[in-house]
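The residues making up each chain are set out below.
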Amino acid sequence: MAHFLYFGEDASLALLVQARLAKLGHRVDIAASCDEALERLAREQYDLVILDQLIPGKRGLTTLREMLALPFVPGVIVICSDHAFDVAVEALRLGATDYVVKDEHEAFFDLLPSVIQKVLDRERLLRAQRESENRDRIAEMVFHNVTEGVLITDSETRIIAINPAFSSITGYAPEEVIGNTPAILSSGRHDKAFYRSMWEAIDLTGQWKGEIWNKRKNQDIYPQWLTINVVRDENGRLLNYIATISDITERKKIEDRLRNLTHYDTLTGLPNRELFNKRLNEAINRTRQNNTGLALLFVDLDRFKTVNDSLGHNAGDELLRQVAARIKQSVRESDVTARLGSDEFTVILENITEPQKAQIVAQKIIHALNKPINLKRHQVFISPSIGIAFYPSDATEMEELVKNADRAMYTAKCEGRNNFKFYSPGMNAAALERLTLETQLRLALEKNQFVLSYQPQINLQTGSVIGVEALIRWNHPEFGLVPPDQFIPLLEETNLILPVGEWVLRAGCRQLGEWHKLGLYPLRLAVNISVRQYRLDHLVPLLDAIIAETQVDPSCLELEITESIMIENLDATLQIFEAFRKRGIRISIDDFGTGYSSLSYLQRLPIDALKIDRSFIQNIHTSASDMAITKAIISMAHSLGIKVIAEGIENARHLQFLREERCEEGQGYFIQRAMPAHALTEWLLSRTPRRQSIHDTETVTTE
């Protein structure tokens, strides 16, 4: 078992790395700050340091320099994002041993164990080199205990020894290379300036490390990671050069795959928004040069959310895959089909000079998507709304062309769906629809059309109801109850979230007071605070006013804060959280695990509970990663003295798992769906022995 030290900004990634490596028999300590990391390195013996480029308080390269300045430092693996290879290169230049790209989790965790093993092997090799007093012992330890190839030359760079791993990698037997120089491995890909720079570094520092392309005996050219170290005697006289090589062909493939992920949608394999923009820009340039025409089709699926909500995300994903395949089959091989996100697709048709040709393609797509789609046990029917805009007649710039195709699509959707519309200059349906919805939301606030539903929260160990979460709904006079995901984003964008958020707090506290009067004290109310509400200077005075007005016990009020709010401004957040704590108001971090959390923030802030996002709970019995993350969050929270609330409990297995992991609180459909206040009152009274009111004079016994 190896002992590692992990230090980085992303608490979720740190916990997942700890859990994954624990399964491989390794022990991982997590440092919450730079000072703690340096203190641990000075105090304890570690086999390896895993350092994220992003760390709390300072940049990873600065911390790396401080680590490498310590007397005894093990190998260091730097974790970087796929758009920060310059960080990895600089880290290796400073003395880091290796790096791993972290943006795509599965590829990251596929690569990490092998990189760790190589670094451990390399560290053993270097220790052997430092500690060995004779060449025979070096050969004995190195040649038979490492997976990396080793090549030793004399002072004139003539090869005097290789190990079995070197033969395995290059295909050369010892007798074929001994006496030659390493030039026998040259691929011809590097110029004289490359090798001149290499030898200058070796002469100056006594070592060189980097990526290089070399050639095997069978003439295959492959990438390798090469480290060259100089061996001198006690008088400084040059004795040998020792080179270690690693075949990084597989790692390069993974890196190429990660780069590919930045341009292609992982679900459908189609170009994503970034690559679509590039391809559209290139198509417009060709069209301009050739003086031809181009059509852009914007395809949106009708009522996709209904399928996704009713059959689940897995069914929704399979539907999108089949839709993508049908759209591609409806267009030419040379046409570009892309997925911009969710259920939005685009098609670029070049060399289109007549609208009828684009119309034919749109009709083929509609016909293809109207056929039934089989999703395991269900057969569903889907339809598209398609908008069509032409270059250069409808727009001469890429952004305007996309916008006009999008507007045409919204017109098709508003006029009955399952059809297509050509863009026209007077078309502003999307903007008008947004304006109309905003106007309706303002009227909804004035006419008291918003209502609250409440979902019970229970003590998972006893089954007792301890609180409820307030959830806003829009009781539209024409459409009935509108779910929040259809209007909350617009509330946020238009600042209407401020008066609506204030209404939620006041209405929720007023209802809480009514429940307490019925003897349901100390029932707790959880209310979500939006980013815009949190940024207001008068949030704390507003809470004081509402508490005074409704006469609720502030210790029965819980504010749910998102992770992004928590880390925006630590000093300001600490000040506001202390104000909440002073009043007895509970603080919980909502959707924990979906963002980039920091252990240092969790340690410094007065947080009462972490709320595990439902996406982890739903998959704990089908995803080893989600189970590991959930366990790690619960364990970490308990070690910090923080309670855990699980949302999305949908079956008995979820409940049993959370109980076994000692998760304190939870909510979900398996416990009870959200209900209007009157229905929840009846439900609470039917299952809870009537307790005395908070306003009664005698002592109240509560949980």
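Residues numbered from 1 in each chain as written. Predicted model: local features only at pLDDT ≥ 70, side-chain atom pairs only at ≥ 80, totals over all residues. Heavy atoms only, no water.

Novice: Outline the side chain of His190, listing residues and values.
Specialist: Its location among the elements puts His190 in the loop between α8 (174-177) and α9 (192-205). A distance of 2.9 Å separates a polar side-chain atom of His190 from the backbone nitrogen of Trp213. Those residues within four positions of His190 in sequence are excluded, and the remaining contacts are Tyr195, Ile212 and Trp213. (Helix = DSSP H or I, 4+ residues; strand = E, 2+ residues; numbered from the N terminus. Polar contact = N/O pair within 3.5 Å; in protein donor to acceptor, adjacent residues only side chain to side chain. Contact = heavy atoms within 4.5 Å.)

Novice: Mind laying out helix α14 (residues 355-370), listing which residues take part and the relevant values?
Specialist: The end-to-end C-alpha separation of α14 is 23 Å, in line with the 22 Å expected for 16 residues at 1.5 Å each. Listed in full, the buried residues belonging to α14 are Ala358, Val361, Ala362, Ile365, Ile366, Ala368 and Leu369. With its buried residues spanning 165 degrees around the axis, α14 presents them on a single face. Those residues of α14 that are buried are in contact with β11 (294-302), α13 (313-329), β13 (344-350), β16 (383-391) and β17 (420-422). (Expected span 1.5 Å × (residues − 1). Buried < 20%, exposed > 50% of the residue type's maximum accessible area, 1.4 Å probe, protein only. Arc of directions from axis to C-beta.)

Novice: Describe the packing of α13 against α14, naming the residues involved and giving the relevant values.
Specialist: With their axes 9 Å apart at the nearest point, α13 and α14 run at an angle of 145 degrees to one another. Considering the relative orientation of α13 and α14, their crossing is right-handed. Where α13 abuts α14, its residues Val323, Arg326 and Ile327 lie against Ile365, Ala368 and Leu369. (Axes fitted to C-alpha atoms, helices over the stretch in contact; angles between N-to-C directions. Left-handed = near helix turned anticlockwise from the far one by under 90°.)

Novice: How would you sum up the sheet that holds strand β4 (residues 75-80)? Please name residues and give values.
Specialist: Read from one edge to the other, the open sheet built from 5 strands follows the order β2-β1-β3-β4-β5, with strand pairing classed as parallel. The open sheet is flanked by β2 (27-31) and β5 (98-101), the only strands paired with a single partner. Pairs of neighbouring strands in the sheet enclose a mean axial angle of 25 degrees, with direction left out of account. Bridging between strand β1 (residues 3-7) and β2 involves 5 bridges; their strand directions are parallel. Residue pairing in the sheet places Leu5 in a bridge with Asp29 of β2. Most of the contacts of helix α4 (residues 85-94) go to β5, to which it runs at about 165 degrees, and overall it touches β4 and β5. (Pairing = 2+ DSSP bridges.)

Novice: Which residues make up helix α11 (residues 273-290), and what are the values?
Specialist: Taking 1.5 Å per residue, 18 residues should reach 26 Å; α11 reaches 25 Å between its end C-alpha atoms and fits that length. Within the span of α11, buried status applies to Leu275, Phe276, Leu280, Ala283, Ile284 and Thr287. Considering only its buried residues, α11 is in contact with β11, β12 (336-341), β13, β16 and α15 (398-414). Phi turns positive one or two residues past the end of α11, at Asn291, with a value near 55 degrees.

Novice: Tell me about the pairing of strand β7 (residues 159-162), residues and numbers included.
Specialist: Two strands pair when backbone bridges link them, and strand β6 (residues 149-154) and β7 are joined in this way by 3 bridges, in the antiparallel orientation. If you follow Leu151 over to β7, its bridge partner there is Ile162. Here β6 hands over to β7 after 4 residues, with Thr157 in that stretch at a positive phi of 65 degrees.

Novice: Any details on the pairing of β16? Residues and values, ideally.
Specialist: Buried residues dominate β16, accounting for 9 of its 9 residues. Where burial is concerned, the two faces of β16 agree: the one with Ser383, Ser385, Gly387, Ala389 and Tyr391 and the one with Pro384, Ile386, Ile388 and Phe390 are both buried. Of the strand pairs in this sheet, β11 and β16 are connected by 9 bridges, and their pairing is antiparallel. Looking across to β16, one finds that Leu296 is bridged to Ala389. Here β16 runs beside β17; their pairing, made up of 3 bridges, is parallel. Bridged to Ile388 within β17 is Phe422. Between β16 and its parallel partner β17, the chain crosses via α15, and the hand of that crossover is left-handed. (Right-handed = clockwise from strand over helix to strand, strands pointing away.)

From the geometry alone we can't say anything about function, so treat these as descriptive.
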